[in-house]
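# Topology and contacts: notes
Chain residues, written in single-letter form:
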Amino acid sequence: MDFISNQKVQIDAMLATLNINSIEKLFDCIPKELLNEKLQEDDGLSESEGMLLMQEIVAKNTFGNLTSYLGAGAYEHHVPALVGFICSKSEFLTSYTPYQAEASQGMLQAIFEFQSAICALTGMDVSNASLYDGATACAEALLMALRLNKDKNKVVIAGSLHPNYRAVVEQFLSSHQTKIEWIPFDNDGKLNLNTAKRLIDENTAAVLLQYPNFLGVIDDIAAVTAHAKSCNVLSVICANPLVYGLYASAKELGADIAVGDTQPFGLPLQYGGPYVGYITCSKELMRQLPGRIVGETVDLEGKRGFVLTLQAREQHIRREKATSNICTNQALAALASLVAILWYGKEGIKKLALTNYQRTAYLKSQLEAVNGIQTMGNAPFFNEFAISFGCSFNEVDAHFRTYGISPGVDLGQYFPQYKGMVLIAVTETKNKKQLDKYIEAAKTLLSQKTKREK
Amino acid sequence: MIHKTVFEISQPGQHAYSLPKDYEAFTQFKPDEKLLRKDHIGLPEISELNLTRHFCELAACNVGIDNQFYPLGSCTMKLNPRINEWCASLPGFTRTHPLAPQDTIQGNLQVIVELIDILCKITGMSAGSLLPCAGAQGEYTGIKMIAEYHKKNGDTKRTKVLIPDDAHGTNPATAAMAGFTTVSIRTSSTGNLDIDHLKEMVSDRTAALMLTNPNTLGLFSTNITEIAKVVHEHGGLLYYDGANLNAIMNIVKPASMGFDVMHINLHKTFSTPHGGGGPGSGPVLCNEKLKKYLPIPRVEKIENHYKIIWDDIASIGRICSFHGNFGIYLRAYLYAKLHGHYGLRRIAEHAVLNANYLKALIGKYFTVPFPQPCMHEFVIQADCYLDQGVRAIDIAKRMLDYGVYAPTIYFPLIIKECMLIEPTESESKATLDRFIEIIEKIIDEIKENPELVQRAPFDKCVLRLDEVQAAKHPILKHSLT
Amino acid sequence: MKFTETHEWIDVKDGVGTVGVTHYAQKELGDIVYVELPKIGSLVKKGQAAAVLESTKAAADVYSPMSGKIIEVNQNLNTNPELVNSSPEKDGWIFKLSLTDVNEFDSLHDKET
């Protein structure tokens with residue numbers, strides 16, 4: 001099938017207007033030797049055949065049968081029913097980038113509200129309209145810091161940054177031959193503050209920290225940013241925005257630029273995307289922000305309206321001198337995050353963040369009490385922590401699968417010194433019955449292991 | 001009607017949320033005081049009904065392809081079929097975590113492998129990646145692959161990327177981001193790349209030429225093979241900006257034209273919804289020469305099983321957090337399967353037919369800088385109305401009052417008072433005829449009552465907006481004061 | 001006062017050059033909404049981009065007509081960038097530099113091209 005409106009009657013009339021007798025004539029400008037052969041057989045599907053095909057394919061996914069404790073930058077949260085309803089409205093879903101502002105006030109105001117909400121959460125002054133994801137947001141933040149400090153070509157980054165984010169940052173910075181120095185972390189997963197202070201010097205453009213870090217640990221961020229400020233170095237904090245519902249805001253921690261991914265709000269896991277990168281900064285740095293920004297203005301009669309603004313930074317005007325090459329961003333996904341953030345609201349966000357922490361704390365403390373389980377240490381956490389069962393990850397995974405559980409991420413794949421450790425994320429989607437089942441599975445695994453060793 | 005922002009309709013204590021049952025076993029855990037947020041969180045308090053109404057009001061002040069004809073050149077605003085939305089919301093897909101064990105997401109991996117196969121068949125390329133989250137990111141990936149190719153050949157002098165002066169802004173911005181300097185190649189008076197200027201500027205310092213074919217003026221470069229030869233002879237590579245693929249899909253392959261690497265905009269050619277500015281997806285495809293540099297992770301099919309390749313030493317590395325915009329390319333996959341290669345070709349045929357039909361009818365009202373037959377889009381100039389004090393932007397704004405979204409204006413930058421029009425294959429002849437009627441009405445207004453055009457629009461939620469004020473005194477968020 | 005081919009002007013007095021853009025330039029750009037001023041103390045070569053003028057639809061580099069060290073910038077442009085439009089060759093001056101080679105003045109144009 002296809003979605004072409006015109007059929008024989010209309011096609012004939014149009015060809016007559018053009019004074020040609022076949023559509024093929026319209027491709028005369030293409031050298032004959034380059035042309036594909038015309039296809040004879042219709043290899044398309046009807047709508048019902050298409051649906052059947054997708055149902056067959058999706059049936060091969062069995063992940064939905066598992067209770068998942070996977071995190072590592074993508075978190076399972078409740079998606080309010082309202083989100084899908086609003087994002088599937090024709091006027092939002094099928095609209096274009098709001099360059100024609102007068103016909104796009106709906107989307108422009110929604111983006112303005114998204115920017116406002118992200119500023120409210122992070123405590124920062126200015127937000128853009130979204131970037132692709134948390135990883136590219138980190139890269140863009142560092143490029144921004146380097147533009148603001150053209151005489152410096154070094155950045156310092158936490159070694160406990162999400163390894164995928166690390167890889168993306170290295171990709172972007174490699175084009176500029178920027179020197180990157182990595183702050184090591186101690187066995188408990190916390191950044192080594194002394195080394196941090198030594199690495200961050202007057203030649204550094206920016207320091208990037210993650211909050212919580214990849215290991216689930218809350219670092220002593222304020223100590224690092226205070227030192228950075230004393231050396232005239234910009235501080236970039238990359239955070240799961242839900243953390244701001246409980247713990248200190250990026251502003252309170254001394255960030256100059258705050259970035260991250262709003263996926264925990266309103267976006268299902270979707271095998272990794274679309275998610276939403278956010279980037280915010282203090283007022284003074286605003287003109288170096290990449291991507292689209294919506295601003296408030298007035299119309300000819302003084303009525304308030306919204307437009308895309310500060311466009312001179314962007315690729316369509318500044319071309320090779322643009323702050324970024326980004327054009328299409330994650331607009332509709334940002335709308336989804338906005339609706340979810342508003343659904344929780346001022347009080348709901350706090351309660352949501354708290355219950356995420358408390359459920360995590362419950363599972364963590366129960367597991368730590370099981371004989372044979374080792375923790376990473378006593379560092380503060382939010383919604384994720386790592387433990388070792390004293391056996392290989394594959395053994396742990398296989399055992400937990402018999403309970404219908406995906407126990408967590410194999411930390412050893414990312415950090416060899418943590419071989420055997422499992423990174424476990426707990427969200428408000430886990431009730432007591434499920435958490436107790438996890439604990440039971442852990443206890444059985446350990447007792448089976450003890451039996452074998454005897 | 002003035003629309004309050006959601007912050008302005010906040011009512012103390014109101015809320016929409018509900019949270020699952022709590023237990024003493026959970027609530028006994030108190031977070032460390034020292035870590036707690038002290039700052040106020042400036043978010044609104046709003047009930048579910050008011051939240052619903054708020055967004056319905058905003059939607060009423062916006063328009064999509066579902067609502068109106070949207071002849072935006074360079075954007076390919078075709079129908080976003082609802083069956084794609086149905087597919088992308090299947091819980092079996094939406095609930096999958098990007099780090100899920102491979103045996104539990106074989107369906108996802110099948111979609112990835114098969115879509116890349118389909119795109120390779122359309123483009124003549126050997127391999128590809130669905131990781132780039134947008135066209136610009138696809139461009140970046142492709143240019144970085146080219147950089148790696150030259151580096152591995154020991155060719156460290158190649159620091160320049162050649163770009164036509166009518167190219168989309170993302171092209172030079174991408175080249176700069178990838179560490180190259182850009183060299184602009186002129187467009188000739190016939191609307192095609194000035195091949196003599198290309199020959200003058202190409203050298204052993206050229207890493208690549210970035211080109212789109214048909215170009216941003218809607219014209220096919222008939223001498224593309226010669227252009228490719230010039231660049232290849234000097235050791236440079238050819239990058240194809242696939243933004244205009246809708247014109248030539250399954251008619252001619254970019255690989256046959258001589259391109260080495262390219263991206264496709266799934267939110268253009270493959271109907272995934274524009275969503276007010278995104279998300280999109282910009283898969284990158286390449287020939288044998290560049291295949292080893294493709295980003296990771298990749299997916300391989302081994303007999304009946306799919307496997308993720310997490311790392312490859314030759315690859316340029318990662319370009320995004322996980323697997324790209326999976327939810328978007330899932331839609332494109334179904335779209336491609338419904339059409340089959342047969343139907344995808346029909347898209348190109350009808351996109352080009354609709355554009356030429358519209359151009360033939362609209363030509364008498366404007367300056368037509370390139371009279372030859374166009375491909376899927378064409379350029380006209382409104383400079384003939386400057387004497388009456390009317391510019392392209394005014395005509396565009398007046399179209400909004402007639403229930404038509406304005407075409408792209410002032411792009412490409414090299415054409416004065418330019419309008420770039422792309423009807424797409426979705427539209428019917430009747431819609432195109434109606435568009436001509438609207439143009440005729442506006443042209444009459446320019447003669448009889450130019451102010452109606454100069455101060456348009458009148459029929460939208462707001463009158464013409466002051467962009468100067470917005471840029472001079474930026475207000476970028478709701479303030480508490 | 002002399003001019004460049006890229007529509008800047010320079011007024012030299014006692015080894016100090018005052019630089020701005022011409023009437024033609026400001027008209028082409030439209031309403032200036034922001035001026036990116038150079039850093040005081042930075043060195044610029046003749047023909048090097050020293051400042052940027054932004055309108056809502058365009059951004060243009062301001063190239064220094066002569067070489068020198070930036071000693072003063074027009075702070076008024078931070079609050080009133082429109083001065084570049086209303087008085088481009090007087091109140092809308094952009095920066096001043098202490099010149100390193102006064103002979104460069106001779107190769108500039110007498111009249112706006």
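Predicted, not measured: the structure shown is a model, and the values here were computed from it.

Attention now moves to the overall build of chain A. Helix and strand counts for chain A stand at 13 helices and 15 strands. Overall size of chain A, expressed as C-alpha extent along the three principal axes, is 90 × 55 × 50 Å. The burial tally for chain A puts 59% of its 454 residues in the buried class. In chain A, the share of contacts with a sequence separation of at least 24, taken over all contacts with a separation of at least 6, comes to 74%.

The helix and strand tally for chain B stands at 16 helices and 12 strands. Against the globule reference of 23 Å for 481 residues, chain B gives a C-alpha radius of gyration of 25 Å, in line with a compact fold. Overall size of chain B, expressed as C-alpha extent along the three principal axes, is 80 × 65 × 45 Å. Counting every position in chain B, which comprises 481 residues, the buried fraction comes to 60%. Taking as baseline every contact in chain B between residues at least 6 positions apart, the subset at least 24 positions apart corresponds to 72%.

Before going further, it helps to examine the interface of chain B and chain A. Contacts between the two partners involve 168 residues from chain B and, on the opposite side, 161 residues from chain A. Counting residues per element, the side of chain B that touches chain A draws most heavily on helix 12 (residues 326–362) of chain B, at 21 residues. A per-class count over the side of chain B that touches chain A returns 87 nonpolar, 54 polar and 27 charged.

Moving on: the domain arrangement of chain B. Residues and elements named next belong to chain B. We note that the domain assignment places domain 1 (1–61), domain 2 (83–340) and domain 3 (347–468) within chain B. A C-alpha centroid distance of 31 Å is found between domain 2 and domain 3. In this assembly, 19 residues from domain 2 lie in contact with 16 residues from domain 3. When the residues that make up the side of domain 2 that touches domain 3 are grouped by side-chain class, the tally is 8 nonpolar, 9 polar and 2 charged.

Right, let's talk about the interface of chain C and chain A for a bit. In this assembly, 5 residues from chain C lie in contact with 4 residues from chain A. Here the residues of the side of chain C that touches chain A are counted per class, giving 2 nonpolar, 1 polar and 2 charged.

What follows covers the environment of N62 of chain B. Inspection of the secondary structure assignment puts N62 of chain B in the loop between helix 2 (48–60) and helix 3 (82–88). Under the C-beta neighbour-count criterion, N62 of chain B is labelled buried, with 25 such atoms within 10 Å. C-alpha of N62 of chain B to C-alpha of C461 of chain B: the two residues are 399 residues apart in sequence and 9.1 Å apart in space. With residues near it in sequence (within four places) discarded, N62 of chain B still touches E91, F92, S95, S104, Q105, G106 and M107 of chain A.

In this section: the environment of P380 of chain A. Structurally, P380 of chain A is set in the loop between strand 11 (374–375) and strand 12 (384–388). By the C-beta count within 10 Å, which is 17 here, P380 of chain A ends up partly exposed. Separated by 192 residues in the primary sequence, P380 of chain A and D188 of chain A have C-alpha atoms spaced 9.9 Å apart. Discounting chain neighbours no more than four positions away, the residues touching P380 of chain A are I218 of chain A together with D32 and L35 of chain B.

With that out of the way, let us pick up the packing of helix 12 of chain B against helix 14 (residues 429–448) of chain B. All names here are of chain B. Look at helix 12 against helix 14: their axes get within 10 Å of each other, and the N-to-C directions meet at 25°. Relative to helix 14, the element helix 12 is oriented roughly parallel. The crossing of helix 12 and helix 14 is right-handed. The segment helix 12 lies against helix 14, with N354, Y357, L358, L361 and I362 engaging L432, I436 and I439.

Turning our eyes to something else, we now look at the nonpolar core. Core analysis: the biggest nonpolar cluster contains 344 residues, and L142, L208 and V236 of chain A have the highest contact counts within it. For L142 of chain A, the contacting residues outside a window of four places in its chain are V155, V169, L173, A206, L208 and V236 of chain A.

What follows concerns the sheet that holds strand 12 (residues 418–421) of chain B. Residues and elements named next belong to chain B. Spatial ordering of the open sheet is given by 10-12-11, a layout of 3 strands whose pairing is antiparallel. Two strands close off the open sheet at either side, each with one partner strand: strand 10 (378–381) and strand 11 (408–409). The pairing of strand 11 with strand 12 spans 2 bridges and is antiparallel. Residue pairing for strand 12: I409 is matched across the bridge by M419.

Moving on, we get to the sheet that holds strand 15 (residues 421–425) of chain A. Residues and elements named next belong to chain A. Ordered in space as 11-12-15-14, the 4 strands form an open sheet in which the pairing is antiparallel. Single-partner strands in this sheet number two, and they are strand 11 and strand 14 (409–410). Taken together, the 2 bridges between strand 14 and strand 15 define a ladder with antiparallel strand orientation. If you follow V409 over to strand 15, its bridge partner there is L423.

A few words on the confidence of the model for chain B. Chain-level pLDDT for chain B is 96 on average; 99% of the residues reach the 70-or-more range. Per the prediction output, this complex has pTM 0.96; the corresponding ipTM is 0.97.

Moving on to the domain arrangement of chain A. Split by domain assignment, chain A resolves into domain 1 (11–55), domain 2 (65–76 + 346–453) and domain 3 (81–340). Relative placement of domain 1 of chain A and domain 2 of chain A: their C-alpha centres are 55 Å apart.

Parameters and conventions
Residues numbered from 1 in each chain as written. Chains lettered and ligands numbered in written order. Predicted model: local features only at pLDDT ≥ 70, side-chain atom pairs only at ≥ 80, totals over all residues. Helix = DSSP H or I, 4+ residues; strand = E, 2+ residues; numbered from the N terminus. Buried ≥ 20, exposed ≤ 12 C-beta atoms within 10 Å, placed from the backbone. Contact = placed C-beta atoms within 7 Å. Rg over C-alpha atoms; globule rule 2.2 N^0.38 Å. Nonpolar A, V, L, I, M, F, W, Y, C, P; charged D, E, K, R; others polar. Domains from an automatic or database assignment. Axes fitted to C-alpha atoms, helices over the stretch in contact; angles between N-to-C directions. Parallel < 35°, antiparallel > 145°, perpendicular 65-115°, else oblique. Left-handed = near helix turned anticlockwise from the far one by under 90°. Core = buried A, V, L, I, M, F, W, Y, C linked by C-beta atoms within 7 Å. Pairing = 2+ DSSP bridges. pLDDT = per-residue confidence, 0-100.

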